Amino acid sequence: METNPITDRLKKIFSLDYRSIAFMRIGVGIVLFLDTIIRATSLKAHYTDLGVLPRTDLLSLFNNNWLISIHHMSGSLIFETIIFIVMLLVSISLIVGYKTTIATVLAWILTISVQNRNPLIIQGGDVIFRVILFWAMFLPWGKRFSLDTFLDKRKQTIAKTFVSVASIAYIAEIFMFYFMSGILKTGAAWHNGTAIYYALSVDQFATPIGHFLLGFPALISILTFFVIYLEIYGPFLFIFPFWNNQMRMIGIILFILMQIGINTSMSIGLFGLICIVITFGLLPSTFWTWLGSIRKRAKTGLTIYYDGGCGFCERIVFYIKRALVLSPHTNIVKASTNPDMTALMYKEDSWIVVGEDGKPTTQFDGVITAFSYSPIFFFLAPFFRLPGIYDLGQFLYRTTANSRKKICEAKPKPKTIIKNKELAAFGQATGNLVLATILVFVIFWNVDNLPGNSKLIPTQLNSFAWMTRLDQKFDMFAPTPLTDDGWYVIPGVLRSGDEVDLFRDGAPVTYEKPALVSRTYKDQRWQKYMMNLWKTSYKDYRLPYGKYLCREWNNDHTGDETLQTFKIIFMRENTLPDYQTSTPTPVTTWEHRCF
């Protein structure tokens, strides 16, 4: 059968490696886990009716009935805690690849739900994260590096790469994310080499490294042009028709380096990690070939004993060996061959991992030992020993171990046979057509974001974008970086007449500039919230915030320490060109009486 060279070339351009999208799945799961933990530190403040945005205020101020959220069902702390626990479980399910399809759908629903609950704390990374999760529902990212694969006792041969409408959509989305971000940077600062100077001068973002870089004007100018040209032209490396594997790898490396630079010089939360993780799916097959060669240099001397009577145990042990890229000389041994290990296995109801020191480790400690021998993931071993993380790992291990017998005795599911092949083909073609239509819709949506462009999408279809949260605009630091900067002071008057700064947990009031403004915020979510609160477009949200401050202070203070009134003052300090300094100006954005 003759093949069309053009078709073959297009297939290669838009193909993905199963291992790469599985690696992306693990990364996405880790991001979701970390994001949930970070959000949970302000669970009451950001997601309950006792926080900065009760549901009544959200629904009246942010009037969009298409932004549906599970969190709208209740505003209680208990309900929100349950939802967040479910989010953690779903993220773990994604990481290990268990019930991957269901976990992906739930991850997408929970992600858009938590974003819809408080739109004032959403950043650019959240937008691309939810969009990638949407396309991931149609990607087979559970076929490799997953428990689903190893629990499936049927022998299946999986090709290394695939191409589909979903793979095309995923690549197109990554392309648009960077390309549109570059195209929308139309301000003069991006074209005269000063944009990074202005970006790093935003004290609400800048880290010590960012301040340090400001001392090198020539480098700042070079970085400005590097960022905008990479964003505009770099995405073409992902779809370059020749030397595709090499071009993709170069593109991935360049964008990862850019994100590392941005994230170390600016306090922007998980933005950089999200941007890095979503490119993992683009990794070419040659990357995995190279990674396999690393195994020859991996640390040796590891022996793993498992229950030989459990087929699941055998598969999971070999899975761990491959996933952690352990040395080919790692010994995988049935515990029954060693009486001492057999006794220990039954005593601990666990596998046994023995390092080169000869010391046997069991349960989650065995997992940590295995990670310490990985040439890629060795750095995670100390992290797993942290309090809380270790307890969670031990709990998950015991839960799996307690289900081991049931899993081992489970019979393989009968293979589903679709008798009507024509009906199956019709269903697949219909699904591909729907996905292709959605992709065209998303492309048109991004084109509509271009300045001066006539709208391609009718207003009536906006509801679809909002409902699925495929609405997107990648305008980070576009058209030009902020020049409107400053810091907060919230002087409150107590019943005793004393004055305290509510923004600094009751510290004495001072209007002097903090040594590092970015560290005055608890985390990036609070940073985004307070930066939005400064904008006049969000002025109506200041009242709910004021009520929250009164509630929080007076719940913990009584008598003469009761809060009576306060002002929200933003010490405005504009960024001037050529390293000039401006005099901070206090701007009172809100005055509030608690009684």
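Above this note sits the structure.
We now turn to the structure provided with this report.

About the cut-offs
Residues numbered from 1 in each chain as written. Predicted model: local features only at pLDDT ≥ 70, side-chain atom pairs only at ≥ 80, totals over all residues. Heavy atoms only, no water. Helix = DSSP H or I, 4+ residues; strand = E, 2+ residues; numbered from the N terminus. Rg over C-alpha atoms; globule rule 2.2 N^0.38 Å. Buried < 20%, exposed > 50% of the residue type's maximum accessible area, 1.4 Å probe, protein only. Contact = heavy atoms within 4.5 Å. Areas by Shrake-Rupley, 256 points an atom, 1.4 Å probe, with all protein chains shown as cover. Pairing = 2+ DSSP bridges. Axes fitted to C-alpha atoms, helices over the stretch in contact; angles between N-to-C directions. Parallel < 35°, antiparallel > 145°, perpendicular 65-115°, else oblique. Left-handed = near helix turned anticlockwise from the far one by under 90°. Nonpolar A, V, L, I, M, F, W, Y, C, P; charged D, E, K, R; others polar. Core = buried A, V, L, I, M, F, W, Y, C linked by side-chain atoms within 4.5 Å. Salt bridge = Lys/Arg side-chain N within 4 Å of Asp/Glu carboxyl O. Expected span 1.5 Å × (residues − 1). Phe/Tyr/Trp six-rings, centres within 6.5 Å; stacked < 30°, edge-to-face > 60°. Lys NZ or Arg CZ within 6 Å of the ring centre and 35° of its normal. Patch = residues over 30% accessible without salt bridge, like charges linked within 9 Å, V, L, I, M, F, W, Y side chains within 5 Å. Right-handed = clockwise from strand over helix to strand, strands pointing away.

Let us now look at the overall build of the protein. Along the protein, the regular secondary structure elements total 26 helices and eleven strands. Here the protein has a C-alpha radius of gyration of 27 Å; the compact-globule value for 595 residues is 25 Å, and the two agree. Over its C-alpha atoms, taken along the principal directions, the protein stretches across nearly 80 × 65 × 50 Å. The buried share among the 595 residues of the protein stands at 49%. A separation of at least 24 residues holds for 74% of the contacts in the protein among residues at least 6 apart in sequence. With the model as given, the accessible surface of the protein reaches about 29100 Å², and the carbon-plus-sulfur share is 63%.

Time to look at the sheet that holds strand E5 (residues 352-354). Strand order in the open sheet made by the four strands is E4-E3-E5-E6, with mixed pairing throughout. The sheet terminates laterally at strand E4 (331-334) and strand E6 (360-362), the two strands that pair on one side only. Within the sheet, the average angular offset between the axes of one strand and its neighbour, ignoring direction, is 25°. Strand direction decides the pairing type here: strand E3 (residues 303-306) and E4, joined by four bridges, are parallel. Note that in E4 the partner of Tyr305 across the bridge is Val333. Relative to the sheet, helix H19 (residues 363-372) contacts E5 and E6, its axis offset from that of E6 by approximately 120°.

Residues Ala478 and Pro479 are joined by a peptide bond in cis, for which omega reads 0°. By the secondary structure assignment, Pro479 is in the loop between helix H24 (462-468) and strand E7 (484-489). You will see that Tyr579, though not glycine, has its phi angle at about 65°, which is positive. Within the secondary structure, Tyr579 sits in the loop between strand E10 (563-574) and strand E11 (585-593). Judged by its relative accessible area of 40%, Tyr579 is partly exposed.

Running from N to C, helix H2 (residues 18-40) and helix H7 (residues 124-136) point in directions that differ by 135°, and their axes come no closer than 12 Å. Between H2 and H7, the angle is such that the two are oblique. Crossing of H2 against H7: the hand is left-handed. Between H2 and H7, the residues in contact are Val28, Val31, Leu32 and Arg39 and Asp126, Phe129 and Leu133, respectively. Grouping the constituent residues of the contact of H2 with H7 by class yields five nonpolar, no polar and two charged.

Residues Trp135, Tyr170, Phe177, Tyr488, Tyr529, Tyr545 and Phe566 are the most contacted members of the largest nonpolar core, which totals 155 residues. Setting aside its immediate chain neighbours within four residues, Tyr488 contacts Phe503, Tyr521, Met530, Leu533, Trp534, Ile568, Ile569 and Phe570. Grouped together as the second largest cluster of nonpolar side chains are six residues, Tyr305, Ala335, Met345 and Ile352 included.

Our next topic: the environment of Lys567. Within the fold, Lys567 resides in strand E10. Along the chain, Lys567 and Ile316 lie 251 residues apart, while their C-alpha atoms are 59 Å from each other. When residues no more than four places from it in sequence are discounted, the contact partners of Lys567 are Val489, Ile490, Pro491, Thr588, Trp590 and Glu591.

Taken as a whole and judged by the stated rule, the model has 17 salt bridges. Here Asp471 makes a salt bridge to Arg469, at a shortest N to O gap of 2.9 Å. Each member of the pair Asp471 and Arg469 is classed as buried. Via salt bridges that share partners, Asp35, Arg39, Asp126 and Arg525 belong to a single interconnected network.

Below, the discussion takes up helix H26 (residues 542-556). Taking 1.5 Å per residue as the helical rise, H26 with its 15 residues ought to reach 21 Å, and the 22 Å between its terminal C-alpha atoms agrees with that figure. Every buried residue belonging to H26 is among Arg542, Pro544, Tyr545, Gly546, Tyr548, Leu549, Cys550, Trp553 and Asn554, and all of these are buried.

What follows is about the packing of H2 against helix H5 (residues 77-96). Here H2 crosses H5 at 160°, and the two axes come no closer than 7 Å. The orientation of H2 relative to H5 falls into the category roughly antiparallel. Like other packed secondary-structure pairs, H2 and H5 cross with a definite hand, here left-handed. Contacts from Arg25, Ile26, Val28, Gly29, Ile30, Leu32, Phe33, Thr36, Ile37, Arg39 and Ala40 in H2 reach Phe84, Met87, Leu88, Val90, Ser91, Ile92, Leu94, Ile95 and Val96 in H5. Looking at the contact of H2 with H5 residue by residue, the class counts come to 15 nonpolar, three polar and two charged.

What follows covers the packing of aromatic side chains. On inspection of all chains with the given rule, the structure shows 42 aromatic pairs. Look at Phe378 and Phe379: their rings are 6.2 Å apart centre to centre, the planes differ by 85°, and that puts the pair in the edge-to-face class. An aromatic cluster is present here, built from Phe23, Phe145, Phe280, Phe287, Trp288 and Trp290 joined pairwise through their rings. Between Lys185 and the ring centre of Trp190, over which it is positioned, the NZ or CZ distance is 5.1 Å.

What follows concerns a nonpolar patch on the surface. Together, Ile30, Leu34, Ile38 and Leu273 make up an exposed nonpolar region whose accessible area comes to about 260 Å². Here the nonpolar patch takes three residues from H2, the largest share from any one element. Along the polypeptide, Ile38 turns up in helix H2. Accessibility expressed as a relative area gives 31% for Ile38, which makes it partly exposed.

What follows concerns the pairing of E3. Of the two faces of E3, both are covered, the one formed by Thr303 and Tyr305 as well as the one formed by Ile304 and Tyr306. The parallel pair E3 and E4, bridged by helix H17 (residues 311-323), forms a crossover whose chirality is right-handed. Direction of pairing for E3 relative to E5: antiparallel, over a ladder of three bridges. Across the sheet, residue Ile304 finds its bridge partner in E5, namely Val353.

If you trace the backbone, Tyr545 turns up in helix H26. The spatial distance from the C-alpha of Tyr545 to the C-alpha of Phe503 is 12 Å, given a sequence separation of 42 residues. Excluding its chain neighbours within four sequence positions, the residues that come into contact with Tyr545 are Val52, Ile490, Phe503, Trp526, Tyr529, Met530, Leu533 and Ile568.

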